There are 6 protein chains.
Amino acid sequence: MVFVSRQEHFNAAHKLHNPAWTDERNRDTFGPCANANWHGHNYELIVTVKGEPDPETGFVVDLKALSDLIQTHVTEQVDHKNLNLDVPFMRGKMASTENLATAFWEILRRELPAITPAQLHCVKLYETPRNFVEYYGG
Amino acid sequence: MVFVSRQEHFNAAHKLHNPAWTDERNRDTFGPCANANWHGHNYELIVTVKGEPDPETGFVVDLKALSDLIQTHVTEQVDHKNLNLDVPFMRGKMASTENLATAFWEILRRELPAITPAQLHCVKLYETPRNFVEYYGG
Amino acid sequence: MVFVSRQEHFNAAHKLHNPAWTDERNRDTFGPCANANWHGHNYELIVTVKGEPDPETGFVVDLKALSDLIQTHVTEQVDHKNLNLDVPFMRGKMASTENLATAFWEILRRELPAITPAQLHCVKLYETPRNFVEYYGG
Amino acid sequence: MVFVSRQEHFNAAHKLHNPAWTDERNRDTFGPCANANWHGHNYELIVTVKGEPDPETGFVVDLKALSDLIQTHVTEQVDHKNLNLDVPFMRGKMASTENLATAFWEILRRELPAITPAQLHCVKLYETPRNFVEYYGG
Amino acid sequence: MVFVSRQEHFNAAHKLHNPAWTDERNRDTFGPCANANWHGHNYELIVTVKGEPDPETGFVVDLKALSDLIQTHVTEQVDHKNLNLDVPFMRGKMASTENLATAFWEILRRELPAITPAQLHCVKLYETPRNFVEYYGG
Amino acid sequence: MVFVSRQEHFNAAHKLHNPAWTDERNRDTFGPCANANWHGHNYELIVTVKGEPDPETGFVVDLKALSDLIQTHVTEQVDHKNLNLDVPFMRGKMASTENLATAFWEILRRELPAITPAQLHCVKLYETPRNFVEYYGG
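Residues numbered from 1 in each chain as written. Chains lettered and ligands numbered in written order. Predicted model: local features only at pLDDT ≥ 70, side-chain atom pairs only at ≥ 80, totals over all residues. Heavy atoms only, no water.

A. Spatial organisation of the overall build of chain A. For chain A, the count of helices and strands is 3 helices and 5 strands. Along chain A, helices and strands appear, N-terminal first, in the series β-α-β-α-β-α-β-β. When each of the 138 residues of chain A is scored for burial, the buried share is 59%. Counting 13 positive and 18 negative side-chain charges, chain A places the centres of these two groups 5 Å from one another. (Helix = DSSP H or I, 4+ residues; strand = E, 2+ residues; numbered from the N terminus. Buried < 20%, exposed > 50% of the residue type's maximum accessible area, 1.4 Å probe, protein only. Lys, Arg positive; Asp, Glu negative; His and termini not counted. Charge placed at Lys NZ, Arg CZ, Asp CG, Glu CD.)

Below, the structure written as structure tokens:
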């Protein structure tokens with residue numbers, strides 16, 4: 001079993017705002033992240049799959065195909081978008097890094113079999129160089 | 001003459017949209033950067049000053065004081081903000097990296113004498129790790 | 001279960017020197033790291049916690065609160081300090097990256113319940129960009 | 001149990017080419033990576049070992065000894081080499097990142113007991129900053 | 001005058017070998033870089049242009065257009081290639097980082113007027129993260 | 001004229017302390033950098049030389065020779081040392097990044113002619129990833 005990873009990126013706007021709460025509670029909980037007029041990030045996304053290398057190619061997965069799949073089904077859906085307003089799969093959820101990572105996992109787990117028998121292992125998402133989350137599907 | 005630099009960062013939303021143009025011309029010119037609902041970035045800002053080291057301290061400028069000045073007068077004015085809507089000194093200008101860098105230069109040139117006789121040399125602003133601008137005031 | 005990480009940093013002096021040994025044995029074992037007059041590093045510390053995202057906030061843990069806790073209880077205790085002389089919780093221990101990481105784990109495990117029901121998962125400590133350790137508490 | 005890692009690097013040429021296949025199938029499968037005249041990379045290699053810190057040294061493993069071992073037995077065998085032509089332990093295998101990582105694991109597992117009772121935990125190999133593999137020996 | 005930069009990358013094989021010299025002199029001069037079977041690198045290329053921001057767009061140059069131009073005329077000509085064998089504009093020259101940078105400058109100076117009135121200012125080329133050259137055309 | 005750069009690193013301890021001042025004035029001026037028991041950094045040093053590429057080698061300077069020269073005359077003199085106590089060329093000076101950079105410049109300007117007709121252009125020294133100085137000799 002070898003673990004193979006591909007890093008992609010996207011730039012997006014969001015805010016942390018719970019519509020069931022008052023503005024005051026949103027500000028107390030989320031601080032400047034609750035700014036009504038949004039802020040944004042350069043997100044970095046690392047997707048890891050695991051499997052046996054194919055003896056004929058030496059590959060667990062063709063990284064060009066994995067990159068294309070991540071771009072088509074994930075990063076192009078969120079790049080230069082507003083994560084609260086423009087992204088159907090984030091509707092009704094807080095636009096936190098945790099919720100983005102688990103939403104990306106669901107998409108990738110569904111799409112990955114189209115390109116490889118390898119299994120999805122981890123989705124790692126950097127919101128900033130110093131803040132990041134990892135989700136292993138469990 | 002020694003050049004001394006301090007790097008700070010901020011996270012903000014913006015869009016590239018000229019209000020004098022039609023939506024179509026904005027989309028044709030700015031592509032996804034014109035998305036009506038905004039997108040955003042983790043900006044990295046490097047400010048360089050130049051001067052003679054003080055023989056008693058070994059410093060051209062106290063970097064703690066330079067960092068505080070950049071934060072107070074620049075990064076706290078834009079961090080977790082919308083660069084088009086929330087920032088008085090960007091009103092009426094396109095929120096491009098070029099215009100941000102020149103606006104930051106004007107602020108820093110005005111404020112720097114309060115902490116040092118050293119002169120402002122360069123404002124370098126990364127919008128993404130692969131796109132950045134530099135302004136030397138000329 | 002989602003894993004959430006926050007990176008902090010500190011700058012410190014140390015030496016590797018076992019007081020039960022002769023100077024010669026210290027030099028033979030630790031090489032230049034045994035220099036009597038100390039040397040130092042820019043340490044980078046990544047703290048990972050794990051838990052379920054709260055549906056109301058989307059957070060496993062408030063990263064601002066985690067950052068503050070790491071700074072108050074860990075990095076401010078060691079920043080601009082001598083790890084052999086100035087840090088009570090390192091007294092009587094070799095100031096190796098391994099021992100720092102396990103000491104930081106004990107502090108964080110004790111303090112974390114004050115801010116979150118999430119559990120401490122990993123302390124990762126870079127002594128240099130090419131040398132680092134990880135501790136999972138086991 | 002503490003995990004200790006050391007990062008080394010090497011620069012090498014390779015191509016992805018299965019000699020049992022036609023040129024056309026190689027091009028269809030590997031794209032520009034099949035270029036007959038080779039291409040190359042700056043590889044970054046991170047080796048992780050795990051064990052108990054020695055109370056007298058504070059070390060799981062002497063990182064200078066681990067660095068020397070990785071250089072002697074791995075990176076000097078591949079640095080400024082052609083991975084398809086010049087490296088005996090890659091003969092008859094595709095020069096993929098997956099196969100390099102597993103070959104490095106076998107070498108390191110064999111050589112590590114000469115310097116430490118700690119166990120090999122992971123070989124992580126970056127082919128580019130955005131493509132990397134990990135092998136844990138299982 | 002504002003300076004605007006775009007970073008691109010490519011992966012290539014090369015060797016340092018002067019065909020007018022004996023193999024021994026090549027080895028004595030270039031060491032492992034003279035390996036007959038090639039080695040390679042992940043090159044990082046930063047192109048800087050200078051000009052006045054357009055008041056209607058806020059841009060010195062459209063960075064998407066600059067990126068496309070660099071890719072079409074430079075990086076796609078060298079990516080996954082052998083710099084000694086596969087690249088017409090390097091024929092008869094040593095494949096050093098210096099000569100690559102000056103060759104890229106000539107191409108970019110010729111092509112840049114097609115997309116912008118801004119002027120080429122600098123070509124910066126990293127062969128490795130620790131070795132790089134800059135050329136300003138003078 | 002092409003500019004060629006090599007990056008090296010060293011780890012050292014220091015403090016900012018003017019012996020002509022009271023302890024109180026040192027603390028007021030230098031804050032935690034004045035800690036009597038020292039602190040330290042992982043310094044990164046970039047040395048830039050300029051000259052014409054040699055047509056026979058393609059080199060402005062042999063970067064292996066430049067690296068060896070920097071290590072012998074600069075980084076080995078300061079690595080794993082106390083910059084205030086152990087380094088003859090820093091005696092009687094404040095151990096600031098500014099003073100280190102200008103001292104390194106003097107050494108390199110004196111030693112460079114032994115390996116190349118190229119001229120020293122810049123010494124750039126990072127004390128931390130966010131604080132750095134540049135000296136061009138003027």
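B. Representation of the layout of surface pockets within the structure. Residue and element names in this part refer to chain C. Taken as a whole, the second largest pocket encloses approximately 360 Å³ of empty space. For the second largest pocket, the lining is made up of 20 residues, of which His17, Pro19, Gly92, Lys93 and Met94 are closest to its centre. Among the residues making up the lining of the second largest pocket, the classes are represented as 9 nonpolar, 6 polar and 5 charged. (1 Å grid on protein atoms, 1.4 Å probe; cavity = no way out; pocket = protein on both sides within 12 Å on 5 of 7 lines; lining within 4 Å. Points joined across faces, edges and corners; volume = space filled by probe spheres on them. Nonpolar A, V, L, I, M, F, W, Y, C, P; charged D, E, K, R; others polar.)

C. Structural context of the interface of chain E and chain D. Contacts between the two partners involve 20 residues from chain E, matched on the other side by 20 residues from chain D. Surface buried jointly by chain E and chain D totals about 1500 Å² across both partners, of which 50% is contributed by carbon and sulfur atoms. Together, E:Asn37, E:Asn42 and E:His80 form the three largest contributors to the area buried by chain E at its contact with chain D, with a combined 37%. Here chain E is connected to chain D by 0 salt bridges. Remark: the boundary between chain E and chain D carries 15 residue pairs in polar contact (both at pLDDT 80 or more). When residues in the side of chain E that touches chain D are grouped by element, the largest group, 4 residues, is from strand E2 (residues 39-51) of chain E. Counted by class, the side of chain E that touches chain D contains 7 nonpolar, 10 polar and 3 charged residues. (Contact = heavy atoms within 4.5 Å. Buried area = accessible area lost by both parts, 1.4 Å probe. Salt bridge = Lys/Arg side-chain N within 4 Å of Asp/Glu carboxyl O. Polar contact = N/O pair within 3.5 Å; in protein donor to acceptor, adjacent residues only side chain to side chain.)

D. Summary view of the packing of helix H2 (residues 63-78) of chain F against helix H3 (residues 97-111) of chain F. All names here are of chain F. One can describe the packing of H2 onto H3 by two numbers: an axis separation of 10 Å at closest approach and a directional angle of 155°. One element, H2, and the other, H3, form an angle in the roughly antiparallel class. Seen along the crossing, H2 lies across H3 with a hand that is right-handed. Contact residues: Leu69, Ile70, His73, Val74 and Val78 in H2; Phe104, Ile107, Leu108 and Glu111 in H3. Across the contact of H2 with H3, the residue classes tally to 7 nonpolar, 1 polar and 1 charged. (Axes fitted to C-alpha atoms, helices over the stretch in contact; angles between N-to-C directions. Parallel < 35°, antiparallel > 145°, perpendicular 65-115°, else oblique. Left-handed = near helix turned anticlockwise from the far one by under 90°.)

E. Up close: the environment of A:Met90. Residues and elements named next belong to chain A. Positionally, Met90 belongs in the loop between strand E3 (81-82) and helix H3 (97-111). Accessibility expressed as a relative area gives 1% for Met90, which makes it buried. The spatial distance from the C-alpha of Met90 to the C-alpha of Leu100 is 7.5 Å, given a sequence separation of 10 residues. Those residues within four positions of Met90 in sequence are excluded, and the remaining contacts are Leu83, Ala95, Asn99, Leu100 and Ala103.

F. Just the interface of chain A and chain B, in detail. The interface is formed by 20 residues belonging to chain A together with 20 residues belonging to chain B. Of the roughly 1500 Å² buried between chain A and chain B on both sides combined, carbon and sulfur atoms contribute 50%. Three residues stand out in chain A for area buried against chain B, namely A:Asn37, A:Asn42 and A:His80, and they jointly supply 37% of the buried area on that side. Scanning the region where chain A abuts chain B turns up 0 salt bridges. Run the count over chain A and chain B and you get 15 residue pairs in polar contact (both at pLDDT 80 or more). At the level of secondary structure, the elements contributing two or more residues to the side of chain A that touches chain B comprise strand E1 (2-14), strand E2 (39-51), E3 and strand E4 (119-128) of chain A. The element that contributes the greatest number of residues to the side of chain A that touches chain B is E2(A), accounting for 4 residues. Residue composition of the side of chain A that touches chain B, by class: 7 nonpolar, 10 polar and 3 charged.

G. The side chain of C:Asn82, seen in detail. Residues and elements named next belong to chain C. By the element assignment, Asn82 lies in strand E3 (residues 81-82). Reaching out from Asn82, the side chain makes a polar contact with the backbone nitrogen of Asn84 at a distance of 2.9 Å. Here Leu85 takes part through its backbone nitrogen, which lies 3.1 Å from a polar atom of the side chain of Asn82.

H. Region of the structure containing the pattern of salt bridges. All chains considered together, the criterion is met by 36 salt bridges over all chains. Between D:Arg110 and D:Glu111 there is a salt bridge; the shortest N-O distance is 3.2 Å. With relative accessibility at 57%, the residue D:Arg110 sits in the exposed group. With a shortest N-O distance of 2.8 Å, E:Glu8 and E:Arg6 are connected by a salt bridge.

I. Fine view of the confidence of the model for chain A. Across chain A, the average pLDDT comes to 98, with 100% of residues at or above 70. Overall fold confidence for the complex sits at a pTM of 0.98, while the interface term, ipTM, reaches 0.97. (pLDDT = per-residue confidence, 0-100.)

J. Just the relation of the copies chain A and chain B, in detail. Once chain A is rotated about the relating axis by 180° and shifted along it by 0.0 Å, it coincides with chain B to within an RMSD of 0.0 Å. The superposition of one copy onto the other is thereby described by a two-fold rotation axis. When the interface residues of chain A are mapped onto chain B, 100% of them are again interface residues, pointing to one common binding face. (Least-squares fit on C-alpha atoms with pLDDT ≥ 70 in both.)

K. Layout of helix H3 (residues 97-111) of chain D. Here H3(D) spans 21 Å end to end across 15 residues, near enough to the 21 Å set by a 1.5 Å rise per residue. With 11 of 15 residues buried, H3(D) lies mostly within the body of the structure. Residues D:Thr97, D:Glu98, D:Asn99, D:Leu100, D:Ala101, D:Ala103, D:Phe104, D:Trp105, D:Ile107, D:Leu108 and D:Glu111 constitute the buried set of H3(D). On its buried face, H3(D) is in contact with E1 of chain A together with strand E1 (2-14), strand E2 (39-51), helix H2 (63-78), strand E4 (119-128) and strand E5 (131-135) of chain D. (Expected span 1.5 Å × (residues − 1).)

L. Local environment of the relation of the copies chain E and chain D. In the superposition of chain E on chain D (RMSD 0.0 Å, axial shift 0.0 Å), the rotation amounts to 180°. Of the interface residues in chain E, 100% have counterparts in chain D that sit at the interface too, so the contact is made through matching surfaces.

M. How the structure looks around unusual backbone geometry. Here the phi dihedral of B:Trp38 falls at roughly 80°; this positive angle occurs in a residue that is not glycine. Following the sequence through the fold, B:Trp38 ends up in the loop between helix H1 (23-30) and strand E2 (39-51). Positioned with a positive phi, E:His80 is a non-glycine residue whose angle comes to about 55°. Topologically, E:His80 is positioned in the loop between helix H2 (63-78) and strand E3 (81-82).

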